[in-house]
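An overview of the molecular structure
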Amino acid sequence: MSDTASRTSKTSNTPLTERVTLPRYPRSNGYDARWTVENQMGPNALWLLEWLAPALGLDALPPGARVLDLGCGRAMTSVFLAKEYGVQVTAADLWIRPEENAARIAEAGVADLVFPVHAEAHDLPFGDGSFDAIVSVDAYQYFGTDDLYLPSLTRLLKPGGRIGVVVPSLREEPEGARPPGHLTPWWEPDFWCFHSPAWWRRHWTRSGAVAVETADWLTDGWREWLLWCEVVADESRDEWHVRMAGRCAEMLRVDRGRALGFARVVGRRLPEHG
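Presented here is an overview of the structure given in this document. (Residues numbered from 1 in each chain as written. Predicted model: local features only at pLDDT ≥ 70, side-chain atom pairs only at ≥ 80, totals over all residues. Heavy atoms only, no water.)

1. Some words on the overall build of the protein
In terms of regular secondary structure, the protein is built from nine helices and seven strands. The C-alpha atoms of the protein give a radius of gyration of 18 Å, which matches the 19 Å a tight globule of 274 residues would have. Seen along its three principal axes, the alpha-carbon backbone of the protein occupies a region of about 50 × 50 × 30 Å. Each of the 274 residues in the protein was classed as buried or not, and the buried ones make up 55%. Taking as baseline every contact in the protein between residues at least 6 positions apart, the subset at least 24 positions apart corresponds to 75%. Surface accessibility of the protein: about 12100 Å² in total, with carbon and sulfur atoms responsible for 53%. The average position of the 29 basic charges and that of the 37 acidic charges among the side chains of the protein differ by 3 Å. (Helix = DSSP H or I, 4+ residues; strand = E, 2+ residues; numbered from the N terminus. Rg over C-alpha atoms; globule rule 2.2 N^0.38 Å. Buried < 20%, exposed > 50% of the residue type's maximum accessible area, 1.4 Å probe, protein only. Contact = heavy atoms within 4.5 Å. Areas by Shrake-Rupley, 256 points an atom, 1.4 Å probe, with all protein chains shown as cover. Lys, Arg positive; Asp, Glu negative; His and termini not counted. Charge placed at Lys NZ, Arg CZ, Asp CG, Glu CD.)

2. As for the sheet that holds strand β3 (residues 114-118)
Read across the sheet, seven strands follow the order β3-β2-β1-β4-β5-β7-β6 without closing on themselves; strand pairing throughout is mixed. What marks the edges here is a single partner per strand, and that holds for β3 and β6 (210-217). In this sheet, neighbouring strand axes are inclined to one another by 15 degrees on average, regardless of whether the strands run parallel or antiparallel. Judged from the three bridges that link them, strand β1 (residues 66-70) and strand β4 (residues 131-137) form a sheet pairing that is parallel. (Pairing = 2+ DSSP bridges. Axes fitted to C-alpha atoms, helices over the stretch in contact; angles between N-to-C directions.)

3. Looking at unusual backbone geometry
Residue Asp-138 is not a glycine yet carries a positive backbone phi of 55 degrees. With respect to the helices and strands, the residue Asp-138 is situated in the loop between β4 and α6 (149-154). Even without glycine at this site, Asp-220 takes up a positive phi of about 60 degrees. Position of Asp-220 relative to the elements: it lies in the loop between β6 and α8 (221-235).

4. Notes on the pattern of salt bridges
Close approach of charged atoms lets side chains of opposite charge pair. Under the definition given, this model contains 17 salt bridges. One salt bridge connects Arg-97 with Glu-99, and the closest N-O pair in it is separated by 3.7 Å. Here Arg-97 falls in the partly exposed class, since its relative accessible area comes to 48%. Its relative accessible area of 49% is what places Glu-99 among the partly exposed residues. Each member of the salt-bridge network shares a partner with another, and the members are Arg-27, Asp-59 and Glu-84. (Salt bridge = Lys/Arg side-chain N within 4 Å of Asp/Glu carboxyl O.)

5. Some words on the packing of aromatic side chains
Inspection of every chain in the model, using the stated rule, returns 16 aromatic pairs. Summarising the aromatic geometry, the rings of Tyr-140 and Trp-200 are spaced 5.8 Å apart at their centres and angled 55 degrees between planes, so their arrangement reads as tilted. On the criterion of sequence distance, the pair formed by Tyr-140 in the loop between β4 and α6 and Trp-200 in helix α7 (residues 197-207) is long-range, its members being 60 residues apart. Trp-200 carries the same exposure label as Tyr-140, and that label is buried. (Phe/Tyr/Trp six-rings, centres within 6.5 Å; stacked < 30°, edge-to-face > 60°.)

6. Some details on the environment of Val-67
With respect to the helices, strands and loops of the structure, Val-67 is situated in strand β1. Taking the relative accessible area as the measure of exposure, Val-67 reaches 0% and is therefore buried. Sequence separation of Val-67 and Phe-131 is 64 residues, and the distance between their C-alpha atoms is 5.5 Å. Sequence-distant contacts of Val-67, that is, excluding residues within four places in its chain, are made with Leu-61, Leu-81, Val-87, Gln-88, Val-89, Thr-90, Phe-131, Ala-133 and Val-135.

7. Some details on the nonpolar core
Note on soluble globular proteins: their nonpolar side chains tend to be buried together. One finds Leu-49, Leu-58, Leu-81, Val-87 and Leu-260 to be the most contacted residues of the largest nonpolar core, which totals 65 residues. Of the residues forming this core, the biggest block, ten residues, is contributed by helix α3 (residues 45-56). In this structure, Leu-68, Ala-92, Tyr-149 and Trp-204 belong to the second largest nonpolar core, which totals 29 residues. (Core = buried A, V, L, I, M, F, W, Y, C linked by side-chain atoms within 4.5 Å.)

8. A look at the pairing of β4
β4 sits mainly inside the fold: six of its seven residues count as buried. Where β4 lies against strand β5 (residues 157-170), six bridges are found, and the strand directions are parallel. Of the residues in β5, the one forming a bridge with Val-137 is Val-166.

Structure below.
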């Protein structure tokens with residue numbers, strides 16, 4: 001199908017489609033379920049972006065507004081932004097080659113709106129005030145905990161522009177240097193970049209770069225995360241993804257939302273910043 005990402009082929013993927021069709025994500029439900037499984041790199045990025053969109057005000061952006069999709073992975077979120085909101089998207093990622101994403105973007109029918117680039121988050125090749133909005137889904141935690149990072153990033157926003165991220169999160173900050181006890185068998189050093197919504201609100205506020213408009217928790221996000229891990233474990237053709245998704249599912253079944261979920265954080269660039 002020439003426009004793989006557009007409306008779902010309900011005939012060939014019916015059982016899979018039914019598993020991943022959730023009422024609170026009507027826009028995401030319109031995308032081919034097999035396409036999302038094959039291009040995933042973690043939690044379901046389309047669900048998370050659809051949750052972020054109203055807080056970020058994506059519907060209010062004019063057609064052709066410029067959006068930076070930072071850490072876009074295989075560009076599913078970039079395709080979604082272009083199709084659903086008619087914006088021009090710079091799809092920036094370090095690990096996925098631009099030519100790979102360019103083929104995916106062209107197949108989705110949005111090559112005129114989405115422009116893939118190779119970029120490292122600390123060395124972004126864009127001028128001040130280049131973007132109306134910045135989006136990052138399941139990536140910002142890996143570089144954005146640095147106290148100095150947000151001010152350097154928001155220079156890329158037009159004054160008053162918004163940045164919005166969704167990140168894996170902890171309900172509360174752990175005490176001391178140990179993870180929650182029930183998560184010890186699965187805990188990886190990378191998980192220390194997971195923080196609570198309250199931590200993110202404080203972290204962004206004290207940067208002086210943005211006025212924080214939203215810092216909240218996705219209700220029952222762990223259930224959706226678990227569902228997606230189970231789907232990937234069952235449906236992915238990549239053995240590494242099957243193995244990792246299975247391990248993640250085990251962890252989430254034990255946790256049952258006590259500690260793990262997702263945080264949504266949105267800030268508006270302050271006029272005096274930069």
